Every structure is written in C-alpha cells, then in structure tokens.
Amino acid sequence: MHDVSPELRELGAVFDHTAVAAPRIRDLLPIYHDLLGGTFRSGGDNQLGGYRAMQLTYPGGGKIELMEPLKGSTFFDSFFELTRGRGGVHHLNFHVDDIDLAVSLLTERGYRLHGLNLGDPRWREVFLHPKEAHGVLIQLARPGPRDSVPVPSLDDVLAGRGYRGNGVPSPA
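Computed from a predicted model, the values in this text were never measured in an experiment. (Residues numbered from 1 in each chain as written. Predicted model: local features only at pLDDT ≥ 70, side-chain atom pairs only at ≥ 80, totals over all residues. Heavy atoms only, no water.)

**Description of a nonpolar patch on the surface**
Going by this rule: A residue counts toward a patch only above 30% relative accessible area and without a salt bridge, and it is joined to like-charged neighbours within 9 Å or, for Val, Leu, Ile, Met, Phe, Trp and Tyr, to nonpolar neighbours within 5 Å. Using the Shrake-Rupley algorithm and a 1.4 Å probe, accessible areas are obtained, with residue cover drawn only from the displayed protein chains. Criterion for a salt bridge: a side-chain nitrogen of Lys or Arg within 4 Å of a carboxyl oxygen of Asp or Glu. Runs of H or I in DSSP of at least four residues are treated as helices and runs of E of at least two as strands, each being numbered from the N terminus. Burial here depends on accessible area, computed with a 1.4 Å probe over protein chains only, as a share of the maximum for the residue type. Under 20% is buried, over 50% is exposed, and the range in between is partly exposed.
Taken together, the side chains of Ile-31, Leu-35 and Leu-36 define a hydrophobic patch exposed on the protein surface, amounting to about 310 Å² of accessible area. Within the element layout of this structure, Ile-31 appears in helix α2 (residues 25-35). Owing to a relative accessible area of 41%, Ile-31 belongs among the partly exposed residues under this scheme.

**Examining the packing of aromatic side chains**
The way to describe two aromatic rings as a pair is by their centre distance and the angle between their planes. The criterion, for reference: A pair of aromatic rings is counted whenever rings of Phe, Tyr or Trp (Trp by its six-membered ring) have centres within 6.5 Å, and the orientation is called stacked for planes under 30 degrees apart, edge-to-face for over 60 and tilted otherwise.
This model, assessed by the stated rule, comprises seven aromatic pairs. Seen in terms of ring centroids, Phe-76 and Phe-80 are 5.4 Å apart; in terms of plane orientation they differ by 35 degrees. Their pairing is tilted. The same class applies to Phe-76 and to Phe-80, which are both buried. An aromatic cluster of at least three residues, connected via ring pairs, comprises Tyr-51, Phe-75, Phe-76, Phe-79 and Phe-80.

**Section: unusual backbone geometry**
Positive phi is not limited to glycine here, since His-134 has a value of about 55 degrees. Its place among the elements puts His-134 in the loop between β7 (123-128) and β8 (138-143). A positive phi angle is found at Arg-164, which is not glycine, with a value near 55 degrees. Positionally, Arg-164 belongs in the segment after α5 (154-158).

**Let's talk about the pairing of strand β3 (residues 51-57)**
As a reminder, the rule being used: The rule for pairing is simple: two strands pair if DSSP sees at least two bridges between them.
The buried fraction of β3 is high, at six of seven residues. Bridge analysis of strand β2 (residues 39-46) against β3 gives seven bridges, and the strand direction is antiparallel. If you follow Phe-40 over to β3, its bridge partner there is Leu-56. Where β3 meets strand β4 (residues 63-69), seven bridges bridge the pair, whose relative direction is antiparallel. Note on β4: the bridge partner recorded for Thr-57 is Lys-63.

**A short note on the side chain of Ser-170**
As a reminder, the rule being used: Counting of polar contacts relies on pairs of N or O atoms within 3.5 Å, with two restrictions inside protein: one atom must be capable of donating a hydrogen and the other of accepting it, and residues adjacent in sequence are counted only when both atoms are side-chain atoms.
Mapped onto the fold, Ser-170 is located in the segment after α5. A polar contact of 2.9 Å, which involves the side chain of Ser-170, links it to the side chain of Arg-52. Side chain to side chain, Ser-170 and Glu-68 meet in a polar contact 2.5 Å long.

**Details of the sheet that holds β7**
Within a sheet, neighbouring strands are paired by backbone hydrogen bonds and run either parallel or antiparallel to one another. As a reminder, the rule being used: Note on geometry: axes are lines fitted to C-alpha atoms, helical ones only across the stretch in contact, with angles between N-to-C directions running from 0 to 180 degrees. Contact definition: two residues touch when any of their heavy atoms are within 4.5 Å.
Taking strand neighbours across the sheet as the criterion, the eight strands line up as β2-β3-β4-β1-β5-β8-β7-β6 in an open arrangement whose pairing is mixed. Every other strand in the sheet has two partners, leaving β2 and β6 (113-117) as the edge strands with one partner each. Taken over all neighbouring pairs, the strand axes of this sheet differ in orientation by 20 degrees on average, direction set aside. Judged from the three bridges that link them, β6 and β7 form a sheet pairing that is antiparallel. Within β7, the position partnered with Asn-117 by the bridge is Glu-125. Each of β1 (14-21), β3 and β4 touches α2; the most contacted strand, β4, lies at about 165 degrees to it.

**Some thoughts on helix α4 (residues 99-108)**
By the burial criterion, the buried members of α4 are Ile-99, Ala-102, Val-103, Leu-105 and Leu-106. The N-capping residue of α4, defined by a side-chain oxygen 3.1 Å from the backbone nitrogen of Asp-100, is Asp-98. The positive-phi residue at the C-terminal boundary of α4 is Gly-110, with phi of around 85 degrees.

**Regarding the nonpolar core**
One recurring pattern in soluble globular proteins is that nonpolar side chains are buried together. Definition in use: What is meant by a nonpolar core is a set of buried Ala, Val, Leu, Ile, Met, Phe, Trp, Tyr and Cys residues, joined one to another through side-chain atoms within 4.5 Å.
If you look at the biggest cluster of nonpolar residues, it comprises 15 residues, and the most contacted ones within it are Leu-29, Tyr-32, Met-54 and Leu-66. Tallying contributions element by element places α2 first for this core, with four residues. In terms of nonpolar packing, the next biggest core, distinct from the first, is built from 13 residues, Ala-102, Val-103, Leu-106 and Ile-138 among them.

Structure, rendered in structure tokens:
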C-alpha cells in the first residue's frame, strides 16, 4: 500500500459524485430518482466511450451519476461480467485543480493509471486502477469550460436527445 504523501494531499482532490452503472438506466431510476428523491441535473451520451449518463442531485449537495451502455457498445462488458450482469457502483469521481500534476505525481509514485484523456478541454481525466484502491475505480478529473447548451430534460436523455444524444432511446 502506498503512503499518502503531503504532495498528494496538495492535489486538492474534492469528491464530486458516485457513478452507478446498469444495463438500463430505467432500472436505476425507481431507486435513485423515485425512492431516494434525486433531482435530475443533466445528462447525455458519450459516443466515443459508448455510454449514456445522467446526474441526479440530492439535498446537501450529493450527486449520483447513472450510466448505461449505448446499443452495440462493449464499454461495460467486463464490469457487467464481474457483477453478473447486474451492475452496481462503477466509480468514484474526484475533481482536481491540476490533472497534469495529478498524473505526474501518481506516476512518479508508482500508481497504475489508465484511461488517460487529456484531449477534451471540457473534461480531462485519468483513472486510478482498481487494484490500487481495493477494487474501487477512482476517477480524477479536471472539468473545464462548458459551452452554454440547453439542459435537456430527463425524458429527453432517455429518448436519446440529451447532450450529444444519438437519438436512440434507452432500452425500455
């Protein structure tokens, strides 16, 4: 196990959300939206990654991201294999002030990183391998400037009309 040095604490990592993935977002909504009272915040498709996601907010500032694979995507295949097809908690997200510094410090200290994506100024990210974090996938991200785009409704996201939506509805 790695000791957390003062340099790593200086990354200023701030917890942002927990992501939960399932084969169908519609299966997650009765719990996270209806029962627990999550309020829809935003959502859309990540065509490159092969998934649809939406965020719900809760009193006190908590957020949960709900995720599902887009039709034909293999993005969650190994995750669903590990969870016997049910899904579950996919990752924890922390925001950092300087993603380049985070990558440098973690690499220098021998942490295994994967999924490095620095090409999109809207969202630069890297993942700490689950073997480094007792089986938990940890996402470190640096959100960037966002275009002012209209926020879709929950129904729009489910219909495939969210941010960068593909027009294909979520499975019923």
